[in-house]
Amino acid sequence: MMNQADTAFVLVSAALVMLMTPGLALFYGGMVRSKNVLATLMENFILLGVMGLLWALWGYSLAFGPDLGHFIGNLDYLGLRGVGAEPFKTYSETIPHQTFMIYQAMFAIITPALITGAFAERLKFSTFLVFMILWATLVYCPVAHWVWGDGGWLKGLGALDFAGGTVVHINAGIAALAAALVVGPRRGYGAEPMIPHNLGLTVLGAGLLWFGWFGFNAGSALAAGALASSAFTATHLATCAATLAWVATEWIVRGKPTTLGAASGAVAGLVAVTPAAGFVGPMSAILIGLGAGVLCYLVVLAKPKLGYDDSLDVVGVHGVGGLWGALATGLFASKLVNPAGADGLFFGNPSLLFTQVIAVAATLAYSFVLSYLLFKILDATMGLRVTPEEEMAGLDLSEHQEAGYNL
Amino acid sequence: MQKIEAIIQPFKLEPVKEALHAISVQGMTVTEVKGFGRQKGIREVYRGMEYQVDFLPKVKIEIVAADDKVKDIIATIIEQARTGRIGDGKIFVYPVGEVIRIRTGETGESAV
């Protein structure tokens, strides 16, 4: 039975999630040096175009098409054939199939965009485009199918991922680690200061992400009702808690509460609550947020000792935040919140945590290995990095023939 | 005629400008500059990473004035720009060979 309220809600949610990508662009854009601001914005913004078309042409079919071996969707929905007004009953009986498709398209756009923070300020734009097309096809679509697709093997195991902690954040976070390892550090990393050039953009970006994330998490209920409201509340409370936890921790450890810390804490909280949003109550959400703020800050703090240049901390925020969120779902999930979910460890069911560990481990392994191989292959064929001179001049000029600031 | 070049703390620009107005200084050129003196740089922290920032933002004021006004102007700048802490800046004074007003072609002190 079609429901107009549900349809309206999911369409608005899709628009909210769309805004997250420009929000992410600002979040990242403020953290790079001024000579790379446009290149950083561009790597995110252009994905709206690239992934939007890829999703319509073959991505949606690979992720949500009829199951092939519990691994990937088949090609039935190639070019959106048959994806129209009739609901796709497996996912929702109350909204058009096309509404579900376009909502999911926005997830396929933001996920690869998250990775761009790891190789900021040095990757060739042409290689970047090819990597993203391959990564979305070979990594994002299969993993989305495993976790969300009808017949996907992790869904079959009973792994819970409400809005994409595993599919989106762990997936992108571990791909970011592969990127940082293969691409290598920025020229001069560790020797010269690489200071965020405009944290105002970053804070604005974090605000837009927070706003759009309501569409991401509450929208994942795919219906305008109590579950969406519960996910919305959990999302907000976890983010509040994580913002405060990050700032409080750095205040204690380093002596000053920072603006970048507040923005980073908010994003860490949003990431961590993503898999749990529709399965946990408000107080559990606050605990998840507190954990995310402290944990992500400590990992980011340890990065210089780990030696890789994950320039904008995609691993520390999305990888670690996603990991914590997926495991926390196994701790805090409750059937009282969502009868379609499961009980977690703290509600008397230890087996869910085990299932979550399998889902996390499988995603980590698959995404890391494929991302690593993709970068290695592109390194040998197209070359990954701009020349040293181009990197010194900045990507805005060398890759796009523009300047971010003309005074 | 002499040129007075003062490097001061950015937040002192406004009081210095007002005080110079009050003693009828007719014009000045202001530039945002970066540099360091004995104050050296400062440390900034982003996501726990500490960076040494060697060049601090300062403001450079340039004024060309008749010889008999120079002492007053310098005294005014010092009075307004001084906090007594390290980093207050410096004043340099140079002789000026010639001044020409582009609009009228006037030269010398009447062009200042």
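Structure first, text after, so check above.
This report concerns the structure included in the present document. (Residues numbered from 1 in each chain as written. Chains lettered and ligands numbered in written order. Predicted model: local features only at pLDDT ≥ 70, side-chain atom pairs only at ≥ 80, totals over all residues.)

1. Some remarks on the sheet that holds strand 6 (residues 89-95) of chain B
Residue and element names in this part refer to chain B. Using the following cut-off: Strand pairing requires that DSSP identify at least two bridges connecting the strands. Helix numbering and strand numbering both begin at the N terminus, where a helix is a DSSP run of H or I of at least 4 residues and a strand a DSSP run of E of at least 2. Think of each axis as a best-fit line through the C-alpha atoms, taken over the contacting stretch in the case of a helix, with angles from 0 to 180 degrees between the N-to-C directions. By the criterion used throughout, residues are in contact when their C-beta atoms, derived from the backbone, lie within 7 Å.
Here four strands make up an open sheet; going across it, the order is 2-5-1-6 and the pairing antiparallel. Looking along the sheet, the strands with just one partner apiece sit at the ends: strand 2 (29-35) and strand 6. With direction set aside, neighbouring strand axes in the sheet form an average angle of 20°. For strand 1 (residues 2-8) and strand 5 (residues 56-65), the ladder comprises seven bridges, and the chain directions are antiparallel. Across the sheet, the residue bridging to Lys3 is Val64, located in strand 5. Sitting on the sheet, helix 2 (residues 67-81) touches strand 1, strand 5 and strand 6, and the angle it makes with strand 1 is about 5°.

2. A word on the environment of A:Tyr77
Position of A:Tyr77 among the secondary structure elements: in the loop between strand 2 (72-73) and helix 3 (97-115). Ignoring sequence-local partners within four residues, the contact set of A:Tyr77 consists of A:Tyr60, A:Ser61, A:Gly65, A:Gly82 and A:Val83.

3. As for the interface of chain A and chain B
For clarity, the cut-off: In this count, Pro and Cys sit with the nonpolar residues alongside Ala, Val, Leu, Ile, Met, Phe, Trp and Tyr, while Asp, Glu, Lys and Arg are called charged and the others, Gly among them, polar.
Across the contact, 13 residues belong to chain A and nine residues belong to chain B. When residues of the side of chain A that touches chain B are traced back to their parent elements, those giving at least two are helix 8 (226-254), helix 9 (259-273) and helix 10 (282-306) of chain A. Here the side of chain A that touches chain B takes three residues from helix 10 of chain A, the largest share from any one element. Residue classes in the side of chain A that touches chain B are distributed as seven nonpolar, two polar and four charged.

4. A short note on the packing of helix 4 (residues 125-148) of chain A against helix 12 (residues 351-381) of chain A
Residue and element names in this part refer to chain A. To keep things clear, this is the line we draw: Relative orientations are named as follows: roughly parallel for angles under 35 degrees, roughly antiparallel for angles over 145 degrees, roughly perpendicular for angles from 65 to 115 degrees, and oblique for any other angle. If you view the pair so one helix is near and one far, a crossing is left-handed when the near helix is turned anticlockwise from the far one by less than a right angle, and right-handed when it is turned clockwise.
At a closest axis distance of 10 Å, the pairing of helix 4 and helix 12 adopts a crossing angle of 160°. Relative to helix 12, the element helix 4 is oriented roughly antiparallel. Where helix 4 crosses over helix 12, the two elements pack in a sense that is right-handed. Mapping the contact onto sequence places Thr127, Val130, Phe131, Leu134, Trp135, Leu138, Val139, Val143 and Val147 in helix 4 and Ala359, Thr363, Tyr366, Ser367, Leu370, Ser371, Leu374, Phe375 and Leu378 in helix 12.

5. Re the environment of A:Ala277
All names here are of chain A. What counts here: Here the C-beta atoms are placed from the backbone, and a residue counts as buried if at least 20 other C-beta atoms lie within 10 Å of its own, exposed if 12 or fewer do, and partly exposed otherwise.
Along the chain, Ala277 turns up in the loop between helix 9 and helix 10. A tally of 36 C-beta atoms within 10 Å means that Ala277 is categorised as buried. In sequence terms Ala277 and Phe64 are 213 residues apart; their C-alpha atoms lie 22 Å from each other. In contact with Ala277, other than residues within four places in its own chain, are Phe162, Ala163, Asn217, Ala231, Ala234 and Thr235.

6. Examining the environment of A:Gly52
Here A:Gly52 lies in helix 2 (residues 37-64). Put simply, A:Gly52 and A:Met106 are 54 residues apart on the chain and 7.6 Å apart in space, counted from C-alpha to C-alpha.

7. Notes on unusual backbone geometry
All names here are of chain A. We note that Glu121 has phi near 75°; this positive angle belongs to a residue other than glycine. Structurally, Glu121 is set in the loop between helix 3 and helix 4. Classification of Glu121 as buried rests on a count of 23 C-beta atoms within 10 Å. The backbone of Leu222 shows a phi angle near 60°, a positive value even though the residue is not glycine. In this fold, Leu222 is placed in the loop between helix 7 (199-217) and helix 8. A tally of 21 C-beta atoms within 10 Å means that Leu222 is categorised as buried.

8. Here we look at the pairing of strand 3 (residues 42-46) of chain B
Residue and element names in this part refer to chain B. Direction of pairing for strand 3 relative to strand 4 (residues 49-53): antiparallel, over a ladder of five bridges. In the sheet register, Tyr46 faces strand 4, and the bridge partner there is Met49. Connecting strand 3 to the next strand, strand 4, in antiparallel fashion are two residues, including Arg47 with a positive phi near 50°.

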